[in-house]
Amino acid sequence: MSILKVARLGNPVLRKKALPLTVEELRKPDVQELIDNMVETMREYEGVGLAAPQIHESRQIVVIESANGLRYAETPTIPLTILVNPVITYCSEEVADGWEGCLSVGDFRGVVSRSTSVKVNALDRKGKEVSINASGFFAVVLQHEIDHLNGIVFIDRMKDLKTLSFLKEYERYGIKKEANE
Ligand code: ZN
């Protein structure tokens, strides 16, 4: 396995619509290796998700995992989830504000409004159909990663750019602000 280079904001690959995979393509050894490398890369950089365009592959693959206490003690746990050709349905009109960051956007954090619950239909890495109902943190991560497959980054979803903060300043002022809201 190897750790891949992460595309950063400004790289056109992050703005393209990613292509779906056929089950035959998905089962090929090079695509399976790509998925392993995506998981390895996500873990190396302590991300909770990674979409294939972020490693310069314009294909509809996302990997998600959150180990407890990875970055912040309160971050909820999500088991390793690999989704191919995901289709998202927003299940609730309700939205909630939360801080987001992205491996492709460096050290920035910003507040984004997201649906509080979603349903995702996709293929797993073996090509089997899966359906996930998610709420809370998992729903936010799914929306963030699937946005990447449509060329959207979290900054595009921010309704107020005034919350855009460097990580250090977010840790100093942002968490406190969130707790007060
Ligand atoms: Zn991202």
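Treat the numbers as computed from the prediction; the structure is a model and nothing was measured.

**What to know about the environment of G10**
- For G10, the location among the structural elements is in the segment before α1 (23–26).
- Measuring from C-alpha to C-alpha, the distance between G10 and V105 comes to 9.3 Å, with 95 residues separating the pair along the chain.

**Notes on the coordination of the zinc ion**
- Looking at the zinc ion, the protein donor atoms are C102 (SG), H144 (NE2) and H148 (NE2), and they sit 2.1 to 2.2 Å from it.
- When the donor residues of the zinc ion are listed from N- to C-terminus, their spacing reads C-x41-H-x3-H. Here the residue H144 and the residue H148 both occupy positions in helix α3 (residues 136–149), the gap between them amounting to 4 residues, near one helical turn.
- We classify H148 as buried; its relative accessible area is 1%.

**A closer look at unusual backbone geometry**
- A positive phi angle, close to 70 degrees, is found at H56, a residue other than glycine.
- Summarising the element assignment, H56 is placed in the loop between β1 (49–51) and β2 (61–66).
- One non-glycine residue, N85, lies in positive phi territory at about 50 degrees.
- Its place among the elements puts N85 in strand β3 (residues 78–90).

Conventions used here
Residues numbered from 1 in each chain as written. Predicted model: local features only at pLDDT ≥ 70, side-chain atom pairs only at ≥ 80, totals over all residues. Heavy atoms only, no water. Helix = DSSP H or I, 4+ residues; strand = E, 2+ residues; numbered from the N terminus. Donors = N, O, S within 2.8 Å, 3.2 Å for Na, K, Ca; no water. Buried < 20%, exposed > 50% of the residue type's maximum accessible area, 1.4 Å probe, protein only.

By themselves, these are just geometric observations and shouldn't be taken as functional.
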